[in-house]
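So you can see what is in the structure, the chains are spelled out below.
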Amino acid sequence: ILENRVVQNFPCRPVNHFVWHTGSPINVVVQDAGGFVNGLDAEGNIRREISLSDFMVFEENEGGFLSADGVYTMKLDASDAGIFSLLIDEIDEDGNVTSQFKYQDVPITASSTAVLELDPNVVEPMLLLDVEGDGIADFSIGSAQQPDFLISLDVLVRIVSSIDTDSEFIKKLLHEISKIRKEVEKEKLMKARRELEKLIQKLEKEVDRNIGKGHKGDDDEDDAEEGNSRKQKISTSDAEMLIKIIQ
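Residues numbered from 1 in each chain as written. Predicted model: local features only at pLDDT ≥ 70, side-chain atom pairs only at ≥ 80, totals over all residues. Heavy atoms only, no water.

Quick look at helix 3 (residues 168-185) now. For an α-helix, the turn length of 3.6 residues means that residues three or four places apart are oriented alike. The end-to-end C-alpha separation of helix 3 is 26 Å, in line with the 26 Å expected for 18 residues at 1.5 Å each. In this fold, the buried residues of helix 3 make contact with helix 2 (149-161), helix 4 (189-210) and helix 6 (236-246). Between the side-chain oxygen at the start of helix 3 and the backbone nitrogen of F169 there is a gap of 3.2 Å, and the oxygen is on S167. Downstream of helix 3 by a residue or two, E187 has a phi angle that is positive, lying close to 65°. (Helix = DSSP H or I, 4+ residues; strand = E, 2+ residues; numbered from the N terminus. Expected span 1.5 Å × (residues − 1). Contact = heavy atoms within 4.5 Å. Polar contact = N/O pair within 3.5 Å; in protein donor to acceptor, adjacent residues only side chain to side chain.)

As C-alpha cells, this is what we get:
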C-alpha cells in the first residue's frame, strides 16, 4: 500500500527517480551533495529542501522520492529497539523498476544509527550500521532480495554482548544464539526459528520473575516468593528490548 502511494502521487516527479520507504522503528534524514535536507527536524517539523524530491511521514514509517541524477546520504536513527527495513527502487522514465535495494529485518537498539550513500553509479550501496550509536560502524550490510538471517543473528550477538558479558545468563544466551546460527548455516531455518521462540520464552520468564510473578512448576518456583528482592539475571528493560528484536 505504501509503495503504491509513494510511486503514484508525486508532484513534479523527475523522469528517473528513486522511491524509498522504511519499516519502523527508524527516522530518516536525507541530505544531497549541496547540503539540502529532507526529513524531520528536532521539533518534528518536516523539511523538504532537496529539489525534485518529496518526503512523507506515515503512521509507522516514512517514505519519499529523489531524482536519480543526484548523490544522497541517508542517515537513519532508531526510535526504539526492534527490527527495521529500508526499501529503495530506482524507476526509469517508463515507470519500470530498474534497480532494487532492500535492507530487511535489521536488528537495532534504541541507540542504533545507520548511514547509506545512495549514488546512481554504485551498483550495490552498503548500509553502515552502528549498533551502539557510538559513531563506529559495526556492520556493512549489502542489499538482498531476502532478509539475511545470518547477518541479523550477528547483529543480535553484538547487541546481547553489549549488555553484560560477565552475566552467566547472557553467556548462555550467546551460546544458544551461536547454536542457532549453525542451524541457519545448515539451512535448517524452521529449527532455528523454533529455537528463537524458546529464547523469547526464556526472556519473558525473566521479565515475570523480575516483577515478582514467578512461574509455578519450574525449577525456580521459589523466585515467586522472593519477588523483586532476587538478583536479576537480566534487567527487565534489557529483556524486553531483546524480545522486541527477536520477535
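Next up on the list: the sheet that holds strand 2 (residues 26-32). As summarised here, the arrangement of the seven strands in space is 4-3-2-7-10-11-12, forming an open sheet in which the pairing is antiparallel. Two strands close off the open sheet at either side, each with one partner strand: strand 4 (46-48) and strand 12 (139-141). Here the strands of the sheet are splayed against their neighbours by 20° on average, with no regard to which way each runs. As judged from the two bridges shared by strand 2 and strand 3 (residues 37-40), these two strands associate in the antiparallel manner. Opposite Q31, over in strand 3, you have V37 as the bridge partner. (Pairing = 2+ DSSP bridges. Axes fitted to C-alpha atoms, helices over the stretch in contact; angles between N-to-C directions.)

What follows concerns the packing of helix 4 against helix 6. Between two packed helices, what matters for the description is the angle formed by their axes and the separation of those axes. With their axes 9 Å apart at the nearest point, helix 4 and helix 6 run at an angle of 155° to one another. Taken together, the axes of helix 4 and helix 6 are roughly antiparallel relative to one another. For the crossing formed where helix 4 meets helix 6, the hand is left-handed. Along its contact with helix 4, which presents L196, L199, I200, L203, E204, V207 and N210, the element helix 6 presents T236, A239, E240, L242, I243 and I246. Here the contact of helix 4 with helix 6 is built from residues that sort into nine nonpolar, two polar and two charged. (Parallel < 35°, antiparallel > 145°, perpendicular 65-115°, else oblique. Left-handed = near helix turned anticlockwise from the far one by under 90°. Nonpolar A, V, L, I, M, F, W, Y, C, P; charged D, E, K, R; others polar.)

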